[in-house]
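Below, each chain spelled out in residue letters.
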Amino acid sequence: MPSQAAVLYLADRVLHTDPVSVIHRGGVLVRDGLIAWVGGLGELDRTRLPADIVEEDLGDVTLMPGMIDAHVHLGFDGGADPAGRMRAETDVQQVMLMLRSARELLDAGVTTARDLGARGYLDVEVRRAIDDGTALGPRMLTAGSPLTVTGGHCWFMGGEIDDDRDARRMVRRHHKMGVDLIKVMSTGGYMTAGSVPWRAQFTGDELLTVVEESRRLGKHVAAHCHGIEGIRRALDARIRTLEHCSFMREDGSSELDLELVDAIARSDSYVSPTMNYEVRELMASGEWASPVGELYRRGAKIIASTDAGVGHTRHGDFALALKALADAGMTNDDVLIAATSRAAEAVGLEGVTGRLAAGLSADLVAVAGDPTSDLSVLRHPLLVIVRGLAHVPPSASGRVRAPHEAMA
Ligand SMILES: [Zn+2]
C-alpha cells in the first residue's frame, strides 16, 4: 500500500470509550495507519509534529473510535430470504454481494466486523482483498462455515460434523484455509427448516473438543445459542462469545434462568445479543422481553452485534442495534463501550483497535452531535477512517470535505 501522509484530525469533541470521557477541542494524529497521538489541543506540542503534516479541522463533530459489529454475514443480503439467495447464488455472485455488504458496514461507521458464517471460505477471500487494499471494507475476522450437525442450522454453508473426530478435522481444515475464529451452532436456529432453536445440537463433550482444538490453534470460538441447554453447554465449554443468547423456549417466550444468567456474569464469556430487526420488532411490540436488560443488570459483559444480513437487517443498520441495547436498559456510555473497547477485547483485538490510544490502528468515526447524549447521531457518520484511510459515506457527501481533497 502507498505510504500515507500524516494527518492531524481536530474536532470539537474527541471521545474516549475506555471508559467514556470527552476531550473538548482535541485531536488525533494519524501516521502510517496508526494513531500517533491523542489529546487536547492545549497539550499539543506543534514543534514535534512531522513537517509534511496535513491538518483537518472537522469542527463541530465527535471523533471517536471506529465501531465493531461482532456478528455479521457478508453473504446474506438483509432481505426477505437471505438464505434462499445465498443457496441460489454462484460463488462469484456471493462475493459481489459480500463486497457490497462490507462497504455498507464501513458507511455505517463499522471499522471491524466478524463474519460468523459464510460458505466456501469466501469470507476469507474477501478479508484478504480488504487487507491488501483491493477492496474497501472494515477489518474482518472470519469464521468460514459454522460447525453444525448434519442437516442442522445453516448446514448449507458446508460445516456439517457429527462427532469428535469430525470436529477436530473441521477445525483443522478451517485453520489451514485461513479463518480467524471458529463458529459453532450450539443450538438449532430460525433460518433452517428442520432445525429447532430451543434444542441443543451438540453434547457438552463435543463442544469441549471444538474449543480445545481451536485453542490449540490460537483461535477463539463463538457459539450460536438460543435455547437454555445450548447456552449452558457453551458456557461450560468456556466459549468466548455467546451469540444471540436469547433464552428462547419452545413456546416462544424467553423466561430467564437466573442461575445461568449469574453464571454468565461471573464467567469470562461475552454476550453478543444480535439486536436485529426481529429482536427489535419483538421488543417494540412488548410481546417479548429481551434478556439483554437482565443480563446487563446482573453484570454480564455485553458486546454490540446485529447478525447483519439476516431477514430485514441491512449491513447499514448498526446504529439501530445500539439504540435497541439502550432500549433494553443499557446506559449510552455502556452501549458505546460495548460497540468499541469491550467488543475489541471480546474478539481478541484489544491491542489493535477499539480505543483511541497511540500505537493502535487509526480506526475512527466522526459524527455530528454527541453520542453520549443521543445515540441516534451514530446513524449517519460524516467520516469513517479505517487503518488510517479516510472514507466519506455517500450519505455524508457534500457535508464534509474528504481529506484527500485537502492533500491533492
Ligand atoms: Zn448469525
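**Let's talk about the coordination of the zinc ion**
Stage number 1. Within the protein, the zinc ion binds to His-71 (NE2), His-73 (NE2) and Asp-307 (OD); these donor distances fall in the range 2.0 to 2.2 Å.
Stage number 2. Along the chain, the residues donating to the zinc ion are arranged with the sequence spacing H-x1-H-x233-D. Remark: Asp-307 occurs in the loop between strand E13 (301–302) and helix H10 (318–327) and His-71 occurs in strand E6 (residues 67–72); sequence separation between them is 236 residues. Here the two residues His-71 and Asp-307 agree in accessibility, since each one is buried.

**Things to note about the packing of aromatic side chains**
Stage number 1. Taken as a whole, this structure holds one aromatic pair when the rule is applied.
Stage number 2. Here Trp-155 and Phe-156 contribute two aromatic rings whose centre-to-centre distance is 6.1 Å and whose plane-to-plane angle is 80 degrees, an arrangement assigned as edge-to-face.
Stage number 3. Over the face of the ring belonging to Tyr-270 we find Lys-301, whose NZ or CZ atom lies 5.4 Å from the ring centre.

**Some remarks on the sheet that holds strand E9 (residues 182–185)**
Stage number 1. A sheet is described by the order of its strands in space; here five strands give the open sequence E9-E10-E11-E12-E13, paired in parallel fashion. What marks the edges here is a single partner per strand, and that holds for E9 and E13.
Stage number 2. In this structure, E9 lies alongside strand E10 (residues 221–225), joined through four bridges in parallel fashion. When the bridges of E10 are listed, Val-184 appears paired with Ala-223.

**Some points on helix H7 (residues 258–266)**
Stage number 1. Those residues of H7 lying buried are Leu-260, Val-261, Ala-263, Ile-264 and Ala-265.
Stage number 2. At its buried positions, H7 is contacted by helix H6 (228–236), strand E11 (241–244), strand E12 (270–272), helix H9 (292–297) and E13.
Stage number 3. A side-chain oxygen of the first residue of H7 lies 3.2 Å from the backbone nitrogen of Glu-259; this N-cap is Asp-257.

**Details of H6**
Stage number 1. Every buried residue of H6 is listed here: Ile-228, Gly-230, Ile-231, Ala-234 and Leu-235. All buried residues of H6 lie within an arc of 165 degrees about the axis, which places them on one face of the element.
Stage number 2. Contacts made by the buried residues of H6 are with helix H5 (204–216), E10, E11 and H7.
Stage number 3. Note on H6: the residue one or two positions beyond its end, Arg-238, has a positive phi of about 55 degrees.

**Some words on the pairing of strand E5 (residues 61–65)**
Stage number 1. With five of five residues buried, E5 lies mostly within the body of the structure.
Stage number 2. Direction of pairing for strand E1 (residues 7–17) relative to E5: parallel, over a ladder of two bridges. Residue pairing in the sheet places Val-14 in a bridge with Leu-63 of E5.
Stage number 3. Relative to strand E14 (residues 364–368), E5 runs antiparallel, the two being bridged by five bridges. From the neighbouring strand, Val-61 faces E14, where its bridge partner is Ala-368.

**Some details on the domain arrangement of the protein**
Stage number 1. Partitioning the protein into structural domains gives domain 1 (7–66 + 354–407) and domain 2 (67–346).
Stage number 2. Put simply, the middle of domain 1 and the middle of domain 2, counted by C-alpha atoms, are 29 Å apart.
Stage number 3. At the junction of the two partners, domain 1 supplies 29 residues and domain 2 supplies 30 residues.
Stage number 4. For the pair domain 1 and domain 2, the number of links is two salt bridges.
Stage number 5. Between Asp-131 and Arg-387 there is a salt bridge, and its shortest N-O distance comes to 2.9 Å.
Stage number 6. Connecting domain 1 to domain 2 are eight residue pairs in polar contact (both at pLDDT 80 or more).
Stage number 7. Secondary-structure elements contributing two or more residues to the side of domain 1 that touches domain 2 are E1, E5, E14 and strand E15 (383–386).

Here is what the cut-offs are and how they apply
Residues numbered from 1 in each chain as written. Predicted model: local features only at pLDDT ≥ 70, side-chain atom pairs only at ≥ 80, totals over all residues. Heavy atoms only, no water. Donors = N, O, S within 2.8 Å, 3.2 Å for Na, K, Ca; no water. Helix = DSSP H or I, 4+ residues; strand = E, 2+ residues; numbered from the N terminus. Buried < 20%, exposed > 50% of the residue type's maximum accessible area, 1.4 Å probe, protein only. Phe/Tyr/Trp six-rings, centres within 6.5 Å; stacked < 30°, edge-to-face > 60°. Lys NZ or Arg CZ within 6 Å of the ring centre and 35° of its normal. Pairing = 2+ DSSP bridges. Contact = heavy atoms within 4.5 Å. Polar contact = N/O pair within 3.5 Å; in protein donor to acceptor, adjacent residues only side chain to side chain. Arc of directions from axis to C-beta. Domains from an automatic or database assignment. Salt bridge = Lys/Arg side-chain N within 4 Å of Asp/Glu carboxyl O.

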